[in-house]
Amino acid sequence: MFESMASHSRFASGAAWTIASSVNRVLPEGTLPAPSWAPGRLLKKHQRTPMRAGVPRRTLSLCPDCNREAVEAVLRGKSDVAGFRERPGIIDAEILEEGGRILMRKACETHGPFEDVLSNHPDFFQRMEAQAFGGDFDCVGDREVHNHGPNSIRAGRGSYLIVDLTNRCNMMCRPCFMDANGVGYVDETDMEDLKTIFERAGSFKPNRDINVLFSGGEATLSPIFVDAIRHAKSMGFHRLHVSTNGIRFAESRDFAVEASAAGLHSVYLQFDGVSEEKNKHRGLGNYMEVKLRALENIAAAGMQTTLQVTVVNGLNNDCVGEIVRFALRNADQIHGVIFQPVMFTGRDERISTEDRYAERYPLSQLAYDLQAQTSIDWQPMRDWFPASAYAIFSHLDDVLDRGSERGSLFPDMHPDHAIMSPLLVDTEKGKAIPIPTFFDLGRFMQDVVQITDSGRPPRVTRAMVLLSLLRNFNQGKAPSGLGPYELRSLFEGSLYRFTRSDDDWSRQASAKTARWRLMFLNGMWFQDAYNYDFATIYNSNTPVATWQGEISFCAYNGGGWRKVLESVHHTATVADWYRNHGRHQIYAAGKKVRLVESLSSRPEPLVQIEAAPVGTFLTRG
């Protein structure tokens, strides 16, 4: 009987949608608003710059050797920043399908051919490209911010603004995309630099909300770490995060409380596996103890944690399922997981061709590894979407909230470089299920685009979205206890990720329903010189804020800009820094962090790798 009622409700909402959308199509389209933060009227889908996609296609890339030589010329004083800006080592490249793989091939007249694997699942690769939403506005008034020749960002605001506070670190990991502690100088951001960074960050249009991610090196070693958070918040930036190895948070709960009080909302915690064995390459002797303590102290300070996983093929790709299981069993502390396939820069810049082929982890492989390593019927071709799909809901909020001083967070990452999959977490029954199992997320997103493009008044727009939500919900396949009301609450509650940014944002973001939660699993691919694609640089979603403006994270690290700018701007040589400031502790070669505070006693272990499959994870008591 229940299934019959659910089927009837779905049929009725589908019929109502058909009638309403038919009327909507007959009426002339309305115009979208022109908010003050935007350089013009909000864009409809056909007005957006499409993502460069399709196979085969031509693009521009870097010769890894020419790029390295251009960087070294600056370091030796034979060239300057302006010379590197215009001549970073550009060559032609082709993206093609061959032998069940998507490849990038290119050849330098001086250094010969190069090849790299972009995907080993062509159908998945092309599915992601086909669902891309389209780009944001072109930038206006950004002359002082984006001036990096062919590596210049030309469109959008980005969804993360990375602010490196120091190149020092208290670990010696391999891989390390920036070779922390491996260069001969210390580069630290001071408060004057920081003020300039945040003044520039709001100086151009589109003036959207953005996630500020303090980074390094190890950002928590910076003497201005807490002051930097406080200043960013005073400038109206409320989405404040830090990327960290967690040692300082593990050492002191007071440190976590102080950072939270200053305005820090969440922590991106480096986490490559759920055992000491899987993290030997990090060199920390008590890795899991440090991570568990950090998680507890961060949560006690009222902040969320996102696990940030560097995936290296042959090293930890066989435990991505275990990491998801760990996240789900600690869903009261963990907000989500970002898997980041290794980029060969910094400490791995000169990797051999053989090792690069062996260790390269194509982003598409993540979806198939999670399918194989879990038991929740996680289907790659059904349950994964390009991360730019988030922007569809950001655009919806922009259409509805017409008087906002800033636009919504707008993640328009290229579909080759960012994917996502949402899971529904049932905390009462200890289960997780992919959202598309019972909700047609793909069709819902198409509906939302159609609704916003029609340009109707906000009240009509909201009604149409609710109708689409109901028609795409299959209650017969949904978990028991999840009805239309709960679904609507989950949808509205998740929008804070893109649309809310105010003094109360952190509290709103941390609010949870009693039973149902959404956890987003993300994969983010950052380019190095071997797979570099200039066609995806112009709208970088992860700009790095520097004294030379904002530069794509891929250009900064994979394209050589970090070394060039740090060599000019660095604070002191390592020897001078140690002489004036002393040496900071580095945990390597198995050295353990001394933790004074003890973990709270729990009725069961936090980590039970083989106790239960992901689909029936056990909540902690």
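Above this note sits the structure.
Read on for a plain summary of the structure.

Reading guide: rules and limits
- Residues numbered from 1 in each chain as written.
- Predicted model: local features only at pLDDT ≥ 70, side-chain atom pairs only at ≥ 80, totals over all residues.
- Heavy atoms only, no water.
- Helix = DSSP H or I, 4+ residues; strand = E, 2+ residues; numbered from the N terminus.
- Buried < 20%, exposed > 50% of the residue type's maximum accessible area, 1.4 Å probe, protein only.
- Lys, Arg positive; Asp, Glu negative; His and termini not counted.
- Salt bridge = Lys/Arg side-chain N within 4 Å of Asp/Glu carboxyl O.
- Polar contact = N/O pair within 3.5 Å; in protein donor to acceptor, adjacent residues only side chain to side chain.
- Axes fitted to C-alpha atoms, helices over the stretch in contact; angles between N-to-C directions.
- Parallel < 35°, antiparallel > 145°, perpendicular 65-115°, else oblique.
- Left-handed = near helix turned anticlockwise from the far one by under 90°.
- Contact = heavy atoms within 4.5 Å.
- Nonpolar A, V, L, I, M, F, W, Y, C, P; charged D, E, K, R; others polar.
- Patch = residues over 30% accessible without salt bridge, like charges linked within 9 Å, V, L, I, M, F, W, Y side chains within 5 Å.
- Areas by Shrake-Rupley, 256 points an atom, 1.4 Å probe, with all protein chains shown as cover.
- Phe/Tyr/Trp six-rings, centres within 6.5 Å; stacked < 30°, edge-to-face > 60°.

Re the side chain of Lys291
Here Lys291 lies in helix α9 (residues 287–300). Look at Lys291: it is buried, it has no salt bridge, and the nearest opposite charge is Glu218 at 7.8 Å. Here Gln270 takes part through its backbone oxygen, which lies 2.8 Å from a polar atom of the side chain of Lys291.

So, the packing of helix α6 (residues 225–234) against helix α8 (residues 253–262)
Put simply, α6 and α8 touch, their axes get as near as 8 Å, and they point 20° apart. If you check the angle between α6 and α8, you find them roughly parallel. Crossing angle aside, the handedness with which α6 passes α8 is right-handed. Packed against α6, whose contacting residues are Phe225, Val226, Ile229, Arg230 and Lys233, the element α8 presents Phe255, Glu258, Ala259 and Ala262 at the interface. Looking at the contact of α6 with α8 residue by residue, the classes come out as 6 nonpolar, no polar and 3 charged.

As for the environment of Glu405
Its location among the elements puts Glu405 in the loop between α14 (390–400) and β13 (418–426). Along the backbone, Glu405 and Tyr532 are 127 residues apart, and their C-alpha atoms lie at a distance of 35 Å. Once you skip the residues sitting within four places of it in the chain, Glu405 turns out to touch Trp37 and Asn207.

So, a nonpolar patch on the surface
Residues Ile19, Val23 and Leu27 make up a contiguous nonpolar surface patch of roughly 280 Å² in combined accessible area. Among the structural elements, Val23 can be located in helix α1 (residues 2–26).

Description of the packing of aromatic side chains
Aromatic ring pairs are defined here through the distance separating the ring centres and the angle between the ring planes. The tally for this structure, following the rule as stated, stands at 19 aromatic pairs. Measuring from centroid to centroid gives 5.8 Å for Phe225 and Phe255, while their planes differ by 20°, and the two rings are stacked. Here the residue Phe225 occupies a position in helix α6, and Phe255 occupies one in helix α8, the gap between them amounting to 30 residues. Accessibility assignment for this pair places Phe225 and Phe255 in one class, buried. Measuring from ring centre to ring centre gives 4.9 Å for Tyr532 and Phe534, while their planes differ by 65°; the resulting arrangement is edge-to-face. Aromatic rings pair up to connect Phe393, Phe439, Phe444 and Phe491 into one cluster.

Any link to function would need more than the numbers given here.
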